[in-house]
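Given next are the chains, with one letter for each unit.
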Amino acid sequence: MPTEPIPPEVVRARLEEFRARRGYVLPHQGAMAAAMPDLQDAYGVMYKALTLTERHLDPFEKEFVWLAILTAAEEHVGTHHVDLFFRTGGTGPQAEAVFRLVAWARGADTFGFLDKHWQGYFPEVPAAAAYCAGTAALIAGLGVPAYLARLALLGIHAARGAHWPLTADLEAAYGEGVSEPKMAEAMSLAMWPCGVNRFLEASGVWLDLLRSGRVEPSPAFRAWAETPGQDGFVLAPRGG
């Protein structure tokens, strides 16, 4: 049953309230204010929980990963995160590291090709290890610790839906002792610009790695891995 039209003064008030709180307004806020104010309210709750609440990443770590994800997604309207990157202590060289990491991640299919088709011809160049080792050269001298570069790559791959390099960087992160909660939070940020399904898919890649036995998870993540029936709703095909 259709609801009553939203009064114009309510729409204007909602948009000005948002502007006062966040400092800017984007077009989708107007669409929600004019037609789906309940969605706009829920949207604000989700945004706060995902992007503003401090959990495992400190403010600079979060903005470093944010800058990487937004660059990978070519999300040019996210300039408030550019501002936050510098406000939390980010530097020009560290931003260069972000752009290098995104460009490197986009080229990861080269190593995926090697792994899938030609690994037997080049046994001295193990694809995943060679790909992961390249990170050190990318960030050398730019003031970015190795663990943070790895977190950024996890966020980039989640945002791009790139599963081969995501598996490689997840396994490398375990080998380097990167915090699992930080890994989860870094990947979760891709939900905002790229959609929930990107995080869902990335989590599935992570779950497969945990179940492979190639990494040693913490008790909490082992409990996740050992829980059966995580394939979603199973729908049987319809007969002819």
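Up top is the structure these notes are about.
Described in the following lines is the structure provided in the data block. Please read all numbers here as calculations on a predicted model, not as lab measurements.

### Description of the overall build of the chain
Alright, step 1. What the chain contains, in helices and strands, is 14 helices and 0 strands.
Alright, step 2. For the chain, the α and β elements follow one another from N to C terminus as α-α-α-α-α-α-α-α-α-α-α-α-α-α.
Alright, step 3. For the chain, the residues scored as buried account for 39% of the 240 residues in total.
Alright, step 4. In the chain, the share of contacts with a sequence separation of at least 24, taken over all contacts with a separation of at least 6, comes to 63%.
Alright, step 5. Carbon and sulfur atoms form 61% of the exposed surface of the chain, whose accessible area is close to 13,200 Å².
Alright, step 6. Here the chain holds 20 positive side-chain charges and 27 negative ones, and the gap between their average locations is 3 Å.

### Topic: the packing of helix α2 (residues 27-35) against helix α3 (residues 37-52)
Working note: a packed helix pair is described by the angle between its axes plus the distance between those axes.
Alright, step 1. With their axes 6 Å apart at the nearest point, α2 and α3 run at an angle of 135° to one another. Relative to α3, the element α2 is oriented oblique. Counting all contacts with α2, which are made through His28, Gln29, Met32, Ala33 and Ala35, the residues of α3 involved are Pro37, Leu39, Gln40 and Tyr43.
Alright, step 2. Looking at the contact of α2 with α3 residue by residue, the class counts come to 6 nonpolar, 3 polar and no charged.

### Comments concerning α2
Alright, step 1. Taken residue by residue, α2 has Gln29, Gly30, Met32 and Ala33 as its buried positions. Burial along α2 is one-sided: seen end-on, the buried residues are contained in an arc of 165°. Of the residues in α2, the exposed ones pointing more than 90 degrees away from the buried face are Pro27 and Ala35.
Alright, step 2. The inward-facing, buried residues of α2 abut α1 (8-22) and α3.

### A few points about the packing of aromatic side chains
Alright, step 1. If you walk through the whole model with that rule in mind, you get 15 aromatic pairs.
Alright, step 2. Geometrically, the ring pair formed by Phe85 and Phe86 is edge-to-face, given 5.2 Å between the ring centres and 75° between the ring planes.
Alright, step 3. Residue Phe85 is classed as buried on the basis of its relative accessible area of 1%.
Alright, step 4. When the centroid spacing of 4.9 Å and the interplanar angle of 65° are considered together, the rings of Phe113 and Trp118 count as edge-to-face.
Alright, step 5. An aromatic cluster is defined as three or more aromatic residues linked by ring pairs; in this entry it consists of Phe60, Phe64, Phe85 and Phe86.

### Structural notes on the environment of Glu96
Alright, step 1. The residue Glu96 is located in helix α6 (residues 92-106) in this model.
Alright, step 2. Separated by 34 residues in the primary sequence, Glu96 and Lys62 have C-alpha atoms spaced 16 Å apart.

### Focus on a nonpolar patch on the surface
Alright, step 1. Residues Phe113, Trp118, Tyr121, Phe122 and Val125 make up a contiguous nonpolar surface patch of roughly 510 Å² in combined accessible area.
Alright, step 2. With respect to the element layout, Trp118 can be found in helix α7 (residues 109-118).
Alright, step 3. Judged by relative accessible area, Trp118 falls into the partly exposed class, the value being 42%.

Rules behind the numbers
- Residues numbered from 1 in each chain as written.
- Predicted model: local features only at pLDDT ≥ 70, side-chain atom pairs only at ≥ 80, totals over all residues.
- Heavy atoms only, no water.
- Helix = DSSP H or I, 4+ residues; strand = E, 2+ residues; numbered from the N terminus.
- Buried < 20%, exposed > 50% of the residue type's maximum accessible area, 1.4 Å probe, protein only.
- Contact = heavy atoms within 4.5 Å.
- Areas by Shrake-Rupley, 256 points an atom, 1.4 Å probe, with all protein chains shown as cover.
- Lys, Arg positive; Asp, Glu negative; His and termini not counted.
- Charge placed at Lys NZ, Arg CZ, Asp CG, Glu CD.
- Axes fitted to C-alpha atoms, helices over the stretch in contact; angles between N-to-C directions.
- Parallel < 35°, antiparallel > 145°, perpendicular 65-115°, else oblique.
- Nonpolar A, V, L, I, M, F, W, Y, C, P; charged D, E, K, R; others polar.
- Arc of directions from axis to C-beta.
- Phe/Tyr/Trp six-rings, centres within 6.5 Å; stacked < 30°, edge-to-face > 60°.
- Patch = residues over 30% accessible without salt bridge, like charges linked within 9 Å, V, L, I, M, F, W, Y side chains within 5 Å.
- Salt bridge = Lys/Arg side-chain N within 4 Å of Asp/Glu carboxyl O.

Honestly, it's all geometry; don't read function into it.
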